[in-house]
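Examining the three-dimensional arrangement
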Amino acid sequence: MHNQAIGRKTSAMDKVWRVALYAVLLIAAAFYLMPFLVMLITSLKDVEEIRTGNLLSLPASLNFDSWSKAWSSACTGSSCEGISPFFMNSFLIVIPAVLISTLLGAINGYVISLWKFRGSDLFFAALLVGCFIPFQVILLPMAQTLGWLGIANTTSGLVFVHVVYGVAFTTLFFRNFYQSIPGELVKAARLDGAGFFTIFYRIILPVSTPIIVVTIIWQFTQIWNDFLFGVAFSGFDTQPVTVALNNLVNTSFGGKEYNVDMAAAIIAALPTLAVYVFAGKYFVRGLTAGAVKG
Amino acid sequence: MANLVIDNVKKRYGTTEILKGINISIKAGEFLILVGPSGCGKSTLMNSIAGLEDVSEGRILIADKDVTYTSPKDRDIAMVFQSYALYPNMTVEKNISFGLEMRKVPKEEREVEVQRVAELLQISHLLDRKPAQLSGGQRQRVAMGRALARRPQLYLFDEPLSNLDAKLRVEMRTEIKKLHKKLGTTIVYVTHDQIEAMTLADRIAVMKDGEVQQLGTPQEIYDNPANLFVAGFMGSPAMNFIPTKVIEQNGIPMLELATSTTVALPFPRPDALKDHIGKTILLGLRPEMITEPQPHKEGQPFVTTTDVEVEVTEPMGADTMILTRVNDAEINCRSNPMYDAEPGAIIKMMFDTAKAVAFDKESGRRLDL
């Protein structure tokens, strides 16, 4: 090793620490990546290889059969169409539920922060309680309500459940964000002649990008990954992918196909991963926009 | 342009009364300043005029039209806010034209109006920028441009200069005054800065605890304050309040002034003090009325020269403030910087009581009105 300490004033001790630091970071990264790695390599092996090899041994050849089986022909309960129809179901639930709950949260936050009315703080406190109610508590009353509304076992029913449950969180996000917007902005717009929705649409929403992205990431992840509401309130045709995944893993004819299970699990997790990768960029962009002073 | 009448306006939050019956009336084209310490209700009154807050009682008339229950957008007023409240997502041009757009003014007219305002305020080169790319002074101009674009009947300014640094504040102050001269608009302007109030106003309303203490021209308020609060609030450095005993000399009430020697000061309205002989009152005397002996004033009525001991001097360039003590009260005197006043020395000072005022010691009530 060369001694670089002369110019940089770094001692040998500093170097040791640096190496140790990177070692710890690498170990931590490996620790968190390990399960995913196991899933990935298992999904690429065939059943025979899984039985004979060990958990971490690499596949002899890349074999995507399990992926196509998981997608289109694996059996989930009595049907054998893979998880693709349920994957679509999840999108049909998640997209409207995320959009509606985000929009409602934005309007709620706008009112609570910028159009304070008598009791608005109490209203907000009451809404916050919604963040602390465990899912299980509302299962029975919600089933009853969905029955009354005539949307039990339907996609709309699940959208409804997720919107109701999500509004508490989305309102909290938007309310806290809008607290930092000066109330004078709304006053100025009112004097300029703009009404409630015009101010919201023309002035408040355009500056809300960061919090919209945060809310969408949060809501998308929550709703996509939900299993309990999905299993409790969906009909046979409207099951989300999480429920289908469970059924796929629990349905076996003969030997357990770990490779198909793993492939299905990764497919089910891909959209949330994509949202993080894709929206994360906009998130950072949203945070820095306007922060640059001329 | 329009006149403004505020008729017995009261505002209550629960049981606390923020405005306790405000009566102010200004003519079209007048520049009214609401001034007072924080919490005096001046911003609440401003918001009430704008219609952003409802009043509990009373009436507000703009251009002889009762607008007490009219919504803000229909009052035909514009407001400049302390934080400027520029729309952060819009360019300067959009900021200025937004109000016109909301009032459904055609696009061509809007463009013409934006150009006019931009030229007036010299912000034509900034029209494409976003508020975040502007300096404090530029934002201030854009905020004023937004108000000017609609040509409203009444302009409201809510502490528009308090976010600027000292130098820029003085510049913008002059700018606003020029603009008012040029456009002859009716303006209501809130500030807590008494110098801003003195320099800008046609009339000043001094407020405290939800009440108007005095409404008058800057000179009236400066020379003839209605009570101890107004006298102490307006003027910098503040008016001196000297506790003095009223004594009788040759049948005329005089004011006793004790330093190393004791003299009797004459008072311009002695009759007002007749009932107070033998009692102690507060004599109000502005610092510029206590100076070094000036030969041309010698022998004038109400001029008295006596010895004082210098405690501290504060040279300000144009004048030097001399801090001294009379009747056991600290007082500020304004002297020529050339006058020899070393701390600790006994020097001669000239007290000119021609513009002196008298207050009740307990209530702060003016005694000689």
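Every value quoted in this text rests on a predicted model; they were computed, and no experiment measured them.

Conventions adopted
- Residues numbered from 1 in each chain as written.
- Chains lettered and ligands numbered in written order.
- Predicted model: local features only at pLDDT ≥ 70, side-chain atom pairs only at ≥ 80, totals over all residues.
- Axes fitted to C-alpha atoms, helices over the stretch in contact; angles between N-to-C directions.
- Helix = DSSP H or I, 4+ residues; strand = E, 2+ residues; numbered from the N terminus.
- Left-handed = near helix turned anticlockwise from the far one by under 90°.
- Nonpolar A, V, L, I, M, F, W, Y, C, P; charged D, E, K, R; others polar.
- Domains from an automatic or database assignment.
- Contact = placed C-beta atoms within 7 Å.
- UniProt positions renumbered as here; feature names shortened; annotations may be inferred.
- Pairing = 2+ DSSP bridges.
- Parallel < 35°, antiparallel > 145°, perpendicular 65-115°, else oblique.

On to the packing of helix H5 (residues 84–114) of chain A against helix H8 (residues 155–178) of chain A. Axis angle and axis distance: for two packed helices, these are the angle between their axes and the distance between the axes, and together they describe the pair. All names here are of chain A. Relative orientation of the contacting elements H5 and H8 amounts to 35°, with a least axis distance of 6 Å. For H5 against H8, the interelement crossing comes out right-handed. Considered class by class, the residues forming the contact of H5 with H8 number 18 nonpolar, 12 polar and 1 charged.

Residue and element names in this part refer to chain A. Considered domain by domain, chain A is made up of domain 1 (5–63) and domain 2 (84–288). Distance between the C-alpha centres of domain 1 and domain 2: 35 Å. Of the residues lining the interface, 8 residues belong to domain 1; the matching set on domain 2 comes to 8 residues. Only helix H2 (12–44) and helix H3 (47–52) provide two or more residues apiece to the side of domain 1 that touches domain 2. If one sorts the elements of the side of domain 1 that touches domain 2 by residue count, H2 sits on top with 4 residues. For the side of domain 1 that touches domain 2, the class distribution of residues is 4 nonpolar, 2 polar and 2 charged.

Moving on, we come to the UniProt feature "domain: ABC transporter" (unreviewed entry) in chain B. Feature annotation in UniProt assigns "domain: ABC transporter" (unreviewed entry) to the following positions: residues 4–234 of chain B. Taken end to end, residues 4–234 of chain B comprises 37% helix and 26% strand; its first and last C-alpha atoms sit 24 Å apart.

With that out of the way, let us pick up the environment of Glu342(B). With respect to the helices and strands, the residue Glu342(B) is situated in the loop between strand E18 (329–335) and strand E19 (346–352). With 31 residues separating them along the chain, Glu342(B) and Glu311(B) place their C-alpha atoms 8.4 Å apart.

A few words on the sheet that holds strand E9 (residues 203–208) of chain B. Residues and elements named next belong to chain B. Spatially, the 6 strands line up as an open sheet ordered E6-E7-E8-E3-E9-E10, and their pairing is mixed. Bordering the open sheet on either side are strand E6 (77–80) and strand E10 (211–216), each of which pairs with just one other strand. Across the sheet, the mean angle from the axis of one strand to that of its neighbour is 15°, orientation sign disregarded. As paired strands, strand E3 (residues 31–35) and strand E8 (residues 186–191) are joined by 5 bridges and run parallel to one another. Following the sheet pairing, Phe31 is matched in E8 by Ile187.

To continue, consider the interface of chain B and chain A. Across the contact, 20 residues belong to chain B and 17 residues belong to chain A. Secondary structure elements with two or more residues in the side of chain B that touches chain A: E6 and helix H2 (92–102) of chain B. Taken together, the residues of the side of chain B that touches chain A break down into 14 nonpolar, 4 polar and 2 charged.

Right, let's talk about the UniProt feature "transmembrane region" (unreviewed entry) in chain A for a bit. All names here are of chain A. Here the UniProt feature "transmembrane region" (unreviewed entry) sits at residues 20–41, 91–115, 122–143, 155–178, 199–220 and 262–284. Measuring from the first to the last C-alpha atom of residues 20–41 gives 29 Å, for a span that is 100% helix and 0% strand. Spanning residues 155–178, this segment combines 100% helix with 0% strand, and its end C-alpha atoms are found 32 Å apart.

Turning to the packing of H2(B) against helix H3 (residues 107–121) of chain B, a few remarks are in order. Residue and element names in this part refer to chain B. Where H2 meets H3, the axes come as close as 10 Å, and the angle between the chain directions of the two elements is 130°. Considered as vectors, H2 and H3 are oriented oblique to each other. The chirality of how H2 crosses H3 is right-handed. In this structure, H2 contributes Glu93, Ile96, Ser97, Leu100 and Glu101 to the contact, and H3 contributes Arg110, Glu113, Val114 and Val117.

Further remarks concern the pairing of E19(B). Residue and element names in this part refer to chain B. Bridging between strand E15 (residues 290–291) and E19 involves 2 bridges; their strand directions are antiparallel. Each bridged residue has a counterpart across the sheet, and for Thr291 the counterpart in E19 is Met350. Examined bridge by bridge, strand E16 (residues 303–315) and E19 share 7 bridges and lie antiparallel to one another. If you follow Thr306 over to E19, its bridge partner there is Met349.

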